[in-house]
Amino acid sequence: MKRMLPAVLLVALNLFGLTGCKSECRAYCERYQQCVEDDINVDGCTDTCQEASDDDSQHEARVQECADCVGSRSCSATFDDCIDDCFGVQGP
């Protein structure tokens, strides 16, 4: 039983890490849909963003910064305050 705990913990941390990044991509894509283009496919955007993050750790960092910035702002504030943080994020 004690030997299984590290393996279970490792799997849980990996799943959490993937979910965390995926949720950041989703937050970005949902805000993009809400503020820029209401007919984008959020699931497709999220998948594209996640794939770019899987391939590039710098993209993953940009997604995190962007999601942190847009989280509680209105659409107009998002444009004013988050353009630098969100520039280059793959998705739509």
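As shown above, the structure is provided for reference.
Analysis parameters
Residues numbered from 1 in each chain as written. Predicted model: local features only at pLDDT ≥ 70, side-chain atom pairs only at ≥ 80, totals over all residues. Heavy atoms only, no water. Core = buried A, V, L, I, M, F, W, Y, C linked by side-chain atoms within 4.5 Å. Buried < 20%, exposed > 50% of the residue type's maximum accessible area, 1.4 Å probe, protein only. Helix = DSSP H or I, 4+ residues; strand = E, 2+ residues; numbered from the N terminus. Contact = heavy atoms within 4.5 Å. Axes fitted to C-alpha atoms, helices over the stretch in contact; angles between N-to-C directions. Parallel < 35°, antiparallel > 145°, perpendicular 65-115°, else oblique. Nonpolar A, V, L, I, M, F, W, Y, C, P; charged D, E, K, R; others polar. Phe/Tyr/Trp six-rings, centres within 6.5 Å; stacked < 30°, edge-to-face > 60°.

**Q** Is there a simple way to explain the nonpolar core in this structure?
**A** Most often, soluble globular proteins have nonpolar side chains that are buried together. Tyr 28, Cys 66, Cys 86 and Val 89 are the most contacted members of the largest nonpolar core, which totals 14 residues. Looking at this core, the elements that each hand over two or more residues are α1 (4-35), α2 (42-55), α3 (57-70) and α4 (75-86). What Tyr 28 contacts, discounting residues up to four positions off in sequence, is Cys 45, Cys 66, Cys 86, Val 89, Gln 90, Gly 91 and Pro 92.

**Q** It is not clear to me how the packing of α2 against α3 should be interpreted in this structure. Could you clarify?
**A** Working note: a packed helix pair is described by the angle between its axes plus the distance between those axes. Between α2 and α3, whose axes approach to 5 Å, the crossing angle comes to 130°. As the angle between them shows, α2 and α3 are arranged oblique. Each of Cys 49, Ala 52, Ser 53 and Asp 55 in α2 lies in contact with α3, whose residues at this interface are Ser 57, His 59, Glu 60 and Val 63. When its residues are assigned to classes, the contact of α2 with α3 shows 3 nonpolar, 3 polar and 2 charged.

**Q** Looking at this model, I keep getting lost on the packing of aromatic side chains. Mind explaining?
**A** The geometry of an aromatic ring pair is captured by the separation of the ring centres together with the interplanar angle, meaning the angle of the planes. Here the structure, examined in full by the defined rule, presents 1 aromatic pair. Look at Tyr 28 and Tyr 32: their rings are 6.1 Å apart centre to centre, the planes differ by 45°, and that puts the pair in the tilted class. In this pair, Tyr 28 and Tyr 32 are both assigned in helix α1, 4 residues apart and thus about one turn of the helix distant. Judged by its relative accessible area of 9%, Tyr 28 falls in the buried class. A relative accessible area of 23% places Tyr 32 in the partly exposed class.

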